[in-house]
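Examining the three-dimensional arrangement
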Amino acid sequence: MSKSKKKIGKKPTAVVPAAAEPNVPTGPAPKPLLRAIRVTQEVLDAAKAYKKATGKSFYALGLDAITKVLKREGYLKAAEPKA
């Protein structure tokens, strides 16, 4: 009979400096995450034609549409315009 040996000890942990400053974006706004959605081939073809004509991507269209719905329903607050 053989017995399996278990290693007992601490797992290595990442060391975080105590004086770490929070990340403050200095450049343009970060790009939104891309997520897959289901669409029909007809919608995809129309979105490709729209992008050729205007340069606005399918993902930007989706983000705009979702943002409008969430603002209208009260789940997302509208950003205040800068003066």
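None of these values were measured; they are calculated from a predicted model.

Some remarks on the overall build of the protein
Secondary structure summary: the protein contains 2 helices and 0 strands in total. Carbon and sulfur atoms make up 60% of the accessible area of the protein, which totals about 9,100 Å².

Quick notes on the packing of aromatic side chains
Each aromatic ring pair is described using two quantities: the centre-to-centre distance and the angle formed by the ring planes. Per the stated rule, a full pass over the model turns up 1 aromatic pair. Aromatic side chains Phe58 and Tyr59 sit 6.2 Å apart centroid to centroid with 80° between the ring planes, which places their arrangement in the edge-to-face category. By relative accessible area, Phe58 is classed as partly exposed at 21%.

A word on helix H1 (residues 41-54)
Between its first and last C-alpha atoms H1 spans 20 Å; for 14 residues at 1.5 Å apiece the expected length is 20 Å, and the two agree. Positive phi shows up at Gly55, right after H1, with a value of about 85°.

As for the pattern of salt bridges
Overall, the coordinates contain 2 salt bridges when judged by the stated rule. With a closest N to O distance of 3.8 Å, Glu73 and Arg72 form a salt bridge. By relative accessible area, which is 60% here, Arg72 ends up exposed.

The rules behind these values
- Residues numbered from 1 in each chain as written.
- Predicted model: local features only at pLDDT ≥ 70, side-chain atom pairs only at ≥ 80, totals over all residues.
- Heavy atoms only, no water.
- Helix = DSSP H or I, 4+ residues; strand = E, 2+ residues; numbered from the N terminus.
- Areas by Shrake-Rupley, 256 points an atom, 1.4 Å probe, with all protein chains shown as cover.
- Phe/Tyr/Trp six-rings, centres within 6.5 Å; stacked < 30°, edge-to-face > 60°.
- Buried < 20%, exposed > 50% of the residue type's maximum accessible area, 1.4 Å probe, protein only.
- Expected span 1.5 Å × (residues − 1).
- Salt bridge = Lys/Arg side-chain N within 4 Å of Asp/Glu carboxyl O.

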